[in-house]
Amino acid sequence: MANTKFIKSEFFFEEDVRESVAEVPVDKHQPWPENEKLKVVGKEIPRIDGYDKTSGTALYTFDINLPHMAHAKILRSVWPHARIKSIDTTQAENLPGVLAVITHKNIPEIKWFEDSFLFDTKIRYEGEEIAGIAAETEEIAEKALKLIKIEVEELDFTVDPGQAMKETAPKIHEGGNIVGGNPFTYERGNFEEGIKNADAIIEETYSTQVVVHNPTEPHCSVANWDGDKLTVWDSTQAIFTVRGVVSRALNIPENNVRVIKKYMGGGFGSKLAGGKYTVIAALLAKKTGRPVRLTLDRREMNLAVGNRPDSVQSLKLGAKKDGTLTAMSHYAYGSSGAYQSGAGCSWPFRTVYQCPNVKVEEYTVYINAGPGRPFRAPGHVQGTFAMDSAIDLLAGRINMDPLEFRLKNYAEKDQVYNIPYTSKKLREAYEAGAKAIGWEKRNKQPGVGTGRYKTGIGMGTQIWWGGGGPPAYVTLKLNRDYSVEVLAGSQDLGTGTYTFVAQVASEVLEIPMERISVILGDTGVVPYGPPSGGSVTSPSISPAVRDAAEQMKQKLMKAAAAVLSLKENDLVYKNGTVSSKSDPSKSIFLSDIMGKINEPVLVTTGAREANPEGYMIQTFGAQFADVEVDTLTGKVRVKKIVAAHDIGRVLNRTLLENQFHGGIIQGIGFALMEERIIDGNTGKVLTTNLHDYKLPLITDMPEIEVIIVSEGDPMISNTGVKGIGEPAHIPTAAAIANAIFNATGVQIKSTPMTPDKVLMALSQNS
Ligand code: MOS
């Protein structure tokens, strides 16, 4: 690695601020010019792994088939809350083909979360892990599950966060049902004063449902021991996190654990943490002395590996007649399921609009249900739905256009830390998006249309970090045959990481994409980099790739200077050839340089530079929805979504649009149809397959137009890239809700905005 230093750098990952001292390069590279002047970066380049994926040759975790591999299943609780009195596994063990059964009785205690264990004798939700079985086939393992005899003492349960907050509710953890024991609170200015100064005040309660990630690819682990070395193929967004979880759980050093993730069919946050299934696969592999594959089915994915917490949000907002916001308060609670994960959703509320007087109080509550996990822009999706619904209501009260209202309260600075942004082009996004959707066509008076079908236009604002930061490293190897291997501290969840890494290397080294291979997702070979979450991958990794490639170019120049006996500042690099500026007849191709210095492989390591101190890095955007509401059936059809965003530099226009399409479609699911439903009488989940859990279909797709108003942000890194995975998804539901409001004159205050809710609201209004 070239010259580095360690300095303090702030890094936002999901909802956390991570302040760390990070190793960063001393020398910075000149910012790139706009994409138009670049050769490879920014272009519409198809993914380099596209052929492997569409032809079926790409290996996903489930495709790993090892000789003598055994198959595992997990026995899961059918009770929402219970205490295990006894487990008898004799019959299961005696079933021919069963190789091993593990329960709390025959493995060492493995701490999992606070007061709980890998196999806990206290059951806290339907679907919780009780035992693991390895057998010759998955069918035998499945059969054996039913032969395990369990006696439990059933406990009172609670599956409603509002009820769970009450003193009298059954306690899920010793410390009570409020996570951390206290609410998160935030305050600036004086809310009561601000309300006094308002000409119009609104007070409303909005709620959002629990949704489940449901990535296409199931959660899956394959574990294989070779002596005391363990290799785990795992469907994960975070290979180094999984390595840490497995090594701690099994009490073995990290260098004895190798975690591999080559291709992935989505995670959306549900694969951001190390899973119990991974540790169970490793334990069963150890016990049987054979490789073990453990794949979760759709039911297990809907019960036990994460969800977006629900929310009940009570908002009070005040504004002056001219539209100036004077006060905002946000009281909220939401479930985290039986274990970790925050349900907070107030960040957008605290910072999207300029307002001097803001008050927040929010509770994350344990209930007897599957644990929450981060889900594509945790907190922001539900928070933005409520906030932007309330903003439109308030704008209506003072007869102001909702877009004008937003511009009136445009935040020039970050409102929470009171520091400037590295860049903010939200105004440009508003303008471009409004133009593309035809904002002037919206109903000046919500609900004025007549007839069965009513149309409307609405918008939502997006804010999210997505700036990335150090530590993130990339190793680049140049071979004498003019081929390159780039090993990046990352893993591709299906978003196109392989492709942009190759593009950045190709841009700098002027070596064609076809000569570049990218290696990701293997703790055994790649340097460290962040989990693929928080929209940090491209902003963290792309500058490190550029740094590694620029160093390689410098290395070649230095070597060429020595080989040609010329001064370095007399040399230029072009397409792998170094030549003299003063005497163009003197030139040498990189293969010959490498031959002369007798190094068949040249290696450099690049790093992500630090984020600037005293600045806030955020992504911004606005989405505009054009919808049609069938007032007879209550069905909402999204006709068009315009997404106009400021996300720094675009690395690849095709991949960018993929991300926006996915995010918007997932946003439509959240807005209109997806919902995990638990029966309050039994504590059991009713939506455990993709028939009962309704995802958007091809027939639900709107026309989508993506507009990017930004070029690179040179203050954040040498590529100026910000992330887009989460921004693409944040404002969709809010835009749809406001479009329904504009169409019908009625706000639907609860997601999903299903036909029954729409009809109910319409009938109450008439
Ligand atoms: Mo995260 S919710 O995986 O970006």
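Residues numbered from 1 in each chain as written. Predicted model: local features only at pLDDT ≥ 70, side-chain atom pairs only at ≥ 80, totals over all residues. Heavy atoms only, no water.

(A) Quick look at the sheet that holds strand S14 (residues 292–295). Strand order in the open sheet made by the 7 strands is S5-S7-S3-S14-S11-S12-S13, with mixed pairing throughout. Sheet topology places strand S5 (98–102) and strand S13 (257–260) at the edges, where each strand pairs with a single neighbour. Taking the axes of each pair of neighbouring strands and ignoring which way they run, one obtains an average angle of 20 degrees across the sheet. Contacts from helix H3 (residues 138–145) reach strand S3 (70–76), S5 and strand S7 (129–135), with the element oriented near 25 degrees to S3. Together, strand S11 (220–226), strand S12 (229–234) and S13 form the strand contacts of helix H6 (residues 239–250), whose direction differs from that of S13 by roughly 145 degrees. (Pairing = 2+ DSSP bridges. Helix = DSSP H or I, 4+ residues; strand = E, 2+ residues; numbered from the N terminus. Axes fitted to C-alpha atoms, helices over the stretch in contact; angles between N-to-C directions. Contact = heavy atoms within 4.5 Å.)

(B) Structural context of the environment of Asn251. Along the chain, Asn251 turns up in the loop between H6 and S13. For the pair Asn251 and Ala134, spaced 117 residues apart in sequence, the C-alpha separation works out to 22 Å.

(C) Geometry of the packing of aromatic side chains. On inspection of all chains with the given rule, the structure shows 13 aromatic pairs. Arranged with centres 6.1 Å apart and planes meeting at 40 degrees, the rings of Tyr60 and Tyr263 form a pair that is tilted. Of the two residues, Tyr60 is situated in the loop between helix H1 (50–55) and S3 and Tyr263 in the loop between S13 and helix H7 (276–288); the sequence distance between them amounts to 203 residues. Seen from their ring centres, Phe113 and Tyr339 are 5.7 Å apart, and the 90 degrees between their planes marks the pair as edge-to-face. On the criterion of sequence distance, the pair formed by Phe113 in the loop between S5 and strand S6 (122–123) and Tyr339 in the loop between strand S16 (325–337) and helix H9 (347–351) is long-range, its members being 226 residues apart. Accessibility classification places Phe113 together with Tyr339 in one group, the buried group. Cluster of aromatic residues (ring-pair linked, three or more members): Trp347, Tyr417, Trp464 and Trp465. The positively charged end of Arg427 is found above the aromatic ring belonging to Tyr410, 4.0 Å away from the centroid. (Phe/Tyr/Trp six-rings, centres within 6.5 Å; stacked < 30°, edge-to-face > 60°. Buried < 20%, exposed > 50% of the residue type's maximum accessible area, 1.4 Å probe, protein only. Lys NZ or Arg CZ within 6 Å of the ring centre and 35° of its normal.)

(D) Structural detail: H7. Here H7 is 13 residues long and its end C-alpha atoms lie 18 Å apart, about the 18 Å a rise of 1.5 Å per residue gives. Most of H7 is tucked away: 11 of the 13 residues are buried. If you check which residues of H7 are buried, you get Lys276, Tyr277, Thr278, Val279, Ile280, Ala281, Ala282, Leu283, Leu284, Ala285 and Thr288. Residue Gly289 follows H7 closely and has a positive phi angle near 70 degrees. (Expected span 1.5 Å × (residues − 1).)

This is a description of form; function is not addressed.
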